Amino acid sequence: MQAMVSPRPGIHVQEHTIVKPIAPVHQLAQYKELHQYSLENSDEFWRREAHKYLKWFSDFDRVSQGSFIEGDVAWFLNGKLNASVCCIDQHLPHRQDQVAILWEGDEPGHCRSITYKELYRDVCRLANAMKAMGVRRGDVVMLYLPMVPEVVMAMLACARIGAPHSVVFAGFSAEALRDRINDTNSKWVMTTDEGKRGGKTLPLKQIVDKALKEAPSVQHCFVFERTGAPVDWVPGRDVKMSEVMAQQRPYSPAETMDSEDLLFILYTSGSTGKPKGVAHTTAGYLLFAAMTHKTVFDLQEGDVYACVADCGWITGHSYIVYGPLVNGATTLLFESIPTYPNHCRYWDLIQRHRVTQFYTAPTAIRALMRYGTEDIASFDRSSLRVLGSVGEPINPEAWKWYFEHVGNARCTIVDTWWQTETGGHLASPLPGVTPMKPGSCTLPFYGVELALIDPSTGQELAGNDVEGVLCVKRPWPSMTRTVFGDHARYLTVYMQPYKGYYFTGDGARRDADGYYWITGRVDDVLNTSGHRIGTAEVESALVGHAAVSEAAVVGFPHAVKGEGICCFVTLREGVFESPALEKELKQAVRDAIGAFATPDIVCPTPSLPKTRSGKIMRRVLRKIASGESDSLGDVSTLADPSVVPYLITAIALKV
Ligand code: WTA
């Protein structure tokens, strides 16, 4: 065991030191006992929690069934419930006047408070409006919405009528939206006239119009007003939602759903070019989101909880909407960005709303670190108790800055490791329970059993002080049940790499104390500014451009984004490299995916390093892009080794 230090203001936390929990009692032993219990008495453990958190129309008759090998996992079998009832109705008897959603718009202080009672009425009206327009139980509804309260209402209204939602982050391009609509064959898309973000206006309806030109399944586009700007209108197809909602009564019976009915689909990137529709079902997902939210953030009555992610990602689903609302919390919805109107926006937000838990990504912390600490000190952050981190590994330097300067060395940092597919946190410190180590997501959550596997042998690594690929050893309630419309792909990607385990795609180390340290993706997925992007998606955008004949995309360490995107391209005969062409290629990626996937480097090359059998050697490209050309390893198997020095020089000129 390494030295333990108590967190005091000004303390310098060493990279691998343990920082004691902030709460007075150190309860690691109790955690270990309960964790053990949750594994040994899984059914009893989860039955009790399911009754505690969720409102059931009728009880389930079996806690869990199925295995990773069969890919047939199900939880809380034959239980009946409705997610919107768990999120709203169950709180009406005792907290109808409490604020459910605290919305902070793009301009500081432009706020809306929506109580549980108001949320109930609006969700009912919206559910009725959707039904009046033809939406039925089982229909997939696409939500291309910015961070306005309507995004939460729409998710809950879909849940109320039993229509699975598929939220598409409003930073995705028209092409990306079109592909997602076509994958679900959805008849319904919801959007706003425009969006506001960081002082900029996003033409959302216009983007939807473009997507719908090639999405023939869509019957109606439901439009909310955010700015009131005039937009093009397709009569018969486009529906002004405020008008239809005004005609609806504020009561809507909730559909009786089965525990295993689909709650939502969320597209995420994988190793291949086509994003996967990760499918989550109702009871297990809701329970795990709520329980982790309550436990990891130490939620108490009266808290103002702020997760500044976007509802277009899983973090928004589980930790802005479903987890907090099942728990009856006040959840803050943030429309803006950390640097608008200036770099103090988060601190101002925390001070004005007396935020108790604040949840963001390491990339935002690293971006804000550049502005120093003087300004932060002038904001009152005494309300804070827990600071969360999500989306990518947090480097110890950023961890310490967050801990010391944002949390005044008196808040717990919860470094939460999880994925779109896991539905909720699988590993995180618990406030007052787990001693922290900067950069480690520490220990598994209750009911979660992690394993490290040696990729060369496929064998599980026993004991501590080992490193391998990170897998999960037993089903948990909020695991994804399938890839929408492609169960075979689900089995191939997650269940078949290591028989009997769920494969996460991440590498990790387990240290001498049994703590987990995520080392990053082991597949062809990049994590740039906390966003998951498949290298194959970027490559397919590049080769879609007439000038490009071949492309290979790799990540490289980036001081703020975590990982940057580096694209090596070979050009067609007669095409010559130029700054204008590089700009065009970056634009091609923005058009295919969205601005958040804009490449950092585009490097034209006469050829790509390939083996004699024609396989691109990405390992070599990654090293070159990372400026580690002195440790390229064996390049003698390359068909044409002369390309290596060329690329080393070309990259040196770019960075
Ligand atoms: C990475 C986001 C280290 C990881 C919730 C994972 C992390 C991928 C952490 C999932 C963390 C997420 N420490 N790495 N605390 N949290 N990741 O699906 O590589 O957008 O596999 O879900 O992000 O990204 P996704």
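Being a predicted model, the structure only gives us computed values, none of them experimental.

**Regarding the overall build of the protein**
Piece 1. Counting secondary structure elements, the protein contains 20 helices and 33 strands.
Piece 2. Against the 2.2 N^0.38 benchmark of 26 Å for 655 residues, the protein shows a C-alpha radius of gyration of 24 Å, consistent with a compact globule.
Piece 3. The principal-axis extent of the C-alpha atoms belonging to the protein is close to 75 × 65 × 55 Å.
Piece 4. Per-residue burial over the protein gives 60% buried out of 655 residues.

**Thoughts on the pairing of strand S20 (residues 330-334)**
Piece 1. Along S20, five of the five residues are buried, which leaves the element largely enclosed by surrounding structure.
Piece 2. Of the two faces of S20, the one holding Thr330, Leu332 and Phe334 and the one holding Thr331 and Leu333 are both buried throughout.
Piece 3. Bridging between strand S7 (residues 99-104) and S20 involves four bridges; their strand directions are parallel. By the bridge assignment, isoleucine 101 is partnered in S20 with threonine 331.
Piece 4. Bridge analysis of strand S19 (residues 304-307) against S20 gives three bridges, and the strand direction is parallel. Looking at the pairing, alanine 306 lines up with leucine 332 of S20.
Piece 5. Note on the crossover from S19 through helix H11 (residues 314-326) to S20: the handedness is right-handed.

**Some points on the sheet that holds S19**
Either a parallel or an antiparallel arrangement is found when strands of a sheet pair, and the pairing is made through backbone hydrogen bonds.
Piece 1. A sheet is described by the order of its strands in space; here seven strands give the open sequence S8-S7-S20-S19-S21-S22-S23, paired in mixed fashion. The open sheet has two edge strands, strand S8 (111-115) and strand S23 (412-416), and neither has a second partner. The sheet shows a mean angle of 20 degrees between the axes of neighbouring strands, taken without regard to direction.
Piece 2. Together, S7 and S8 form the strand contacts of helix H5 (residues 116-132), whose direction differs from that of S8 by roughly 85 degrees.

**Some points on the packing of helix H13 (residues 362-369) against helix H15 (residues 396-406)**
Piece 1. Remark: H13 packs on H15, axes separated minimally by 10 Å, with the N-to-C direction vectors making an angle of 75 degrees. Considering their axes alone, H13 and H15 lie roughly perpendicular with respect to each other. Contacts between H13 and H15 pair Ile365, Arg366, Leu368 and Met369 from the former with Glu397, Ala398, Trp401 and Tyr402 from the latter.

**With respect to the UniProt feature "domain: AMP-binding enzyme C-terminal" (unreviewed entry) in the protein**
Piece 1. Within this numbering scheme, the UniProt entry marks residues 537-615 as carrying the feature "domain: AMP-binding enzyme C-terminal" (unreviewed entry).
Piece 2. Secondary structure over residues 537-615 splits into 27% helix and 32% strand, and the C-alpha atoms at its two ends are 18 Å apart.

**A look at the UniProt feature "domain: Acetyl-coenzyme A synthetase N-terminal" (unreviewed entry) in the protein**
Piece 1. According to UniProt, the feature "domain: Acetyl-coenzyme A synthetase N-terminal" (unreviewed entry) maps to residues 31-87 in the numbering used here.
Piece 2. Between the C-alpha atoms that bound residues 31-87 the distance is 28 Å, and the span itself is 47% helix and 23% strand.

**Focus on the pairing of S7**
Piece 1. Counting buried positions along S7 yields five of six residues, so the element is predominantly enclosed.
Piece 2. As judged from the five bridges shared by S7 and S8, these two strands associate in the antiparallel manner. Looking at the pairing, glutamate 104 lines up with cysteine 111 of S8.
Piece 3. Here S7 hands over to S8 after six residues, with glycine 109 in that stretch at a positive phi of 85 degrees.

**Observations concerning the site of the ligand**
Piece 1. Surveying the vicinity of the ligand reveals 17 residues, the closest of which are Asp415, Thr416, Thr420, Asp506 and Arg532.
Piece 2. Taking glutamine 419, its side chain carries an N or O atom lying 2.9 Å from an oxygen atom of the ligand.
Piece 3. Contacts to the ligand include threonine 420, whose side-chain N or O atom sits 2.6 Å from an oxygen atom.
Piece 4. Of all the secondary-structure elements, those providing two or more residues to the shell around the ligand are H11, S23 and strand S28 (516-521).
Piece 5. Of the residues in the shell around the ligand, the class split is six nonpolar, six polar and five charged.

**A word on empty space enclosed by the protein**
Sizing a probe to match a water molecule and rolling it over the atoms shows the empty space that remains.
Piece 1. Inspection of the entire model under this criterion finds two cavities of 30 Å³ or more.
Piece 2. The calculated volume of the largest cavity comes to roughly 60 Å³.
Piece 3. Together, Asn82, Ala83, Cys158, Ala159, Gly162, Ala163, Pro164, Met257, Leu262, Leu263 and Thr282 line the largest cavity.
Piece 4. Elements that contribute at least two residues to the lining of the largest cavity include exactly helix H6 (149-161) and strand S17 (262-268).
Piece 5. When its residues are assigned to classes, the lining of the largest cavity shows eight nonpolar, three polar and no charged.
Piece 6. Taken as a whole, the second largest cavity encloses approximately 40 Å³ of empty space.

What counts, and at which threshold
- Residues numbered from 1 in each chain as written.
- Predicted model: local features only at pLDDT ≥ 70, side-chain atom pairs only at ≥ 80, totals over all residues.
- Heavy atoms only, no water.
- Helix = DSSP H or I, 4+ residues; strand = E, 2+ residues; numbered from the N terminus.
- Rg over C-alpha atoms; globule rule 2.2 N^0.38 Å.
- Buried < 20%, exposed > 50% of the residue type's maximum accessible area, 1.4 Å probe, protein only.
- Pairing = 2+ DSSP bridges.
- Right-handed = clockwise from strand over helix to strand, strands pointing away.
- Axes fitted to C-alpha atoms, helices over the stretch in contact; angles between N-to-C directions.
- Contact = heavy atoms within 4.5 Å.
- Parallel < 35°, antiparallel > 145°, perpendicular 65-115°, else oblique.
- UniProt positions renumbered as here; feature names shortened; annotations may be inferred.
- Near = heavy atom within 4 Å.
- Polar contact = N/O pair within 3.5 Å; in protein donor to acceptor, adjacent residues only side chain to side chain.
- Nonpolar A, V, L, I, M, F, W, Y, C, P; charged D, E, K, R; others polar.
- 1 Å grid on protein atoms, 1.4 Å probe; cavity = no way out; pocket = protein on both sides within 12 Å on 5 of 7 lines; lining within 4 Å.
- Points joined across faces, edges and corners; volume = space filled by probe spheres on them.

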